[in-house]
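# Structure at a glance
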Amino acid sequence: MTTTPRTDARSVLTAMYAAETRYLAAGGPGRASFAPLAPHFAPDVVLHQAAALPYGGTWRGHSGLERFFLAMADTWAEFDIVRQEFLASGGDGGGSGGTGGRQTVVVHSDIRARARATGRPLAFPILQTITVEEGRIREVRPFYWDTAAIAEACR
C-alpha cells in the first residue's frame, strides 16, 4: 500500500491525479481497486457535487468516493481533463504550505467528455476548491459553469 507523504497541497493533488490516472488505466470504477487512491484522501473526505448533475449530491468517505466514481462511469463514456491549472492556494502554512496545516487550493480544469446515455460530446470548465489537511484531501467542492447543459447532454 502506498502512503501519501505529508507535504504541500499542490504535491498532494499532483500525486492524487497521477494515482487517478493509473486507477482509470487499470479499468477504473467497478474493475480496478480503489486502494491506490485511498491514501490521498482523508477517511472522512467529503465531495460536494451540484444537485442538478446526474452524479449530484454529497459523497462521504472512501466508500462514498468509490460510489461517486461508479456514478461518473455510468454517466460518461469519456471524461478527459484536457488542461489543468492550479490557480491559488492558501491557508495554514501559506501557499506552498507547511507539512500539517490546512490548505485550500483552487484548480481550474477544462474537460472534454462524451455522455454515455446520448453519445453527445461536451466541453466544459470545472473550478474546484480542494482542502488538504495533514497531507490528505479533506474536502472537494467543484463548481460547474453550466450544470443544465451537462444534465441535458446526459439525458
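Below is a short write-up of the structure. Residue numbers restart at each chain and count upward from 1, following the sequence in its written direction. For this predicted model, a pLDDT threshold of at least 70 governs which residues receive local features, and a threshold of 80 or more governs which side-chain atom pairs are given and counted, while totals over whole chains, interfaces and linings are taken from all residues. In computing side-chain properties, one takes all heavy atoms of the structure into account and sets aside hydrogens as well as water.

### Thoughts on the overall build of the protein chain
Let me state the cut-off plainly: Runs of H or I in DSSP of at least four residues are treated as helices and runs of E of at least two as strands, each being numbered from the N terminus. In what follows, residue pairs with any heavy atoms lying within 4.5 Å of each other are defined as contacts. All accessible-area figures derive from a Shrake-Rupley calculation using a 1.4 Å probe, and residue coverage is judged against the displayed protein chains alone.
Counting its regular elements, the protein chain contains three helices and six strands. Secondary structure of the protein chain in N-to-C order comes out as α-β-β-α-β-β-β-β-α. A separation threshold of at least 6 residues defines the contact pool for the protein chain, and within that pool the share at least 24 residues apart is 54%. Total accessible area on the protein chain stands at roughly 8,000 Å², and carbon and sulfur atoms take up 52% of it.

### A few points about the pairing of strand E6 (residues 136–144)
Heads up, the condition is: Strands qualify as paired when DSSP identifies two bridges or more between them.
Two strands pair when backbone bridges link them, and strand E1 (residues 41–49) and E6 are joined in this way by three bridges, in the parallel orientation. Bridging across to E6, Val46 finds its partner in Glu139. Of the pairings in the sheet, the one linking strand E5 (residues 121–133) to E6 comprises eight bridges and is antiparallel in character. Pairing of Val132 across the sheet is with Ile137, part of E6. Hairpin geometry of E5 and E6 is characterised by an intervening segment of two residues between the two adjacent antiparallel strands and by a positive phi of about 50° at Glu134.

### Digging into helix H2 (residues 61–75)
Selection criterion: Between the first and last residue of a helix there are one fewer steps than residues, each counted as 1.5 Å, and that sum is the expected span. Type-normalised accessible area, obtained with a 1.4 Å probe on protein chains alone, sets the label of each residue: buried when under 20%, exposed when over 50%, and partly exposed for intermediate values. By construction, the arc corresponds to the directions joining the helix axis to the C-beta atoms.
Taking 1.5 Å per residue, 15 residues should reach 21 Å; H2 reaches 21 Å between its end C-alpha atoms and fits that length. Within the span of H2, buried status applies to Gly61, Gly64, Leu65, Phe68, Phe69, Ala71, Met72 and Thr75. Taken down its axis, H2 places every buried residue within 160° of arc, on the same side.

### Some words on the nonpolar core
Put simply, the test is: By nonpolar core we mean a set of buried residues, namely Ala, Val, Leu, Ile, Met, Phe, Trp, Tyr and Cys, connected to one another through side-chain atoms within 4.5 Å.
By size, the foremost hydrophobic cluster in this structure holds 39 residues, and its most contacted members are Tyr55, Trp76, Phe124, Ile137 and Ile150. Going through the elements one at a time, helix H1 (9–25), E1, H2, strand E4 (102–115), E5, E6 and helix H3 (147–153) are the ones with two or more residues in this core. With seven residues, H1 is the largest single contributor of residues to this core. In this view, Ile137 contacts Val12, Leu13, Met16, His40, Phe41, Ala42, Val45, Ile130, Thr131 and Val132; residues no more than four positions away in its chain are not counted.

### Quick word on the pairing of E4
Note that E4 and E5 share 13 bridges and pair antiparallel. What sits directly across from Arg102, in E5, is Glu133. Where E4 hands over to E5, the hairpin turn is made up of five residues, of which Gly119 adopts a positive phi near 75°.

### A short note on the packing of aromatic side chains
Two descriptors summarise a pair of aromatic rings, namely the distance from one centre to the other and the angle between the planes of the rings. For clarity, the cut-off: The aromatic pairing rule takes the rings of Phe, Tyr and Trp, using the six-membered ring of Trp, and pairs them if the centres are within 6.5 Å, calling planes under 30 degrees apart stacked, those over 60 edge-to-face and the rest tilted.
Summed over the entire model, instances satisfying the criterion amount to ten aromatic pairs. Centroid distance Tyr23 to Phe34: 6.3 Å. Interplanar angle 90°. Geometry classified as edge-to-face. One end of the pair, Tyr23, is in helix H1; the other, Phe34, is in the loop between H1 and E1, and eleven residues separate them in sequence. Owing to a relative accessible area of 5%, Tyr23 belongs among the buried residues under this scheme. When its relative accessible area of 5% is taken as the criterion, Phe34 is described as buried. Centre to centre, the rings of Trp76 and Phe124 are 5.9 Å apart; their planes meet at 35°, and the pair counts as tilted. Separated by 48 residues along the polypeptide, Trp76 in strand E3 (residues 76–91) and Phe124 in strand E5 bring together distant segments of the chain. An identical accessibility class is assigned to Trp76 and Phe124; each is buried. Of the aromatic side chains, those joined through ring pairs into one cluster are Tyr23, Phe34, Tyr55, Trp59, Phe68 and Phe69.

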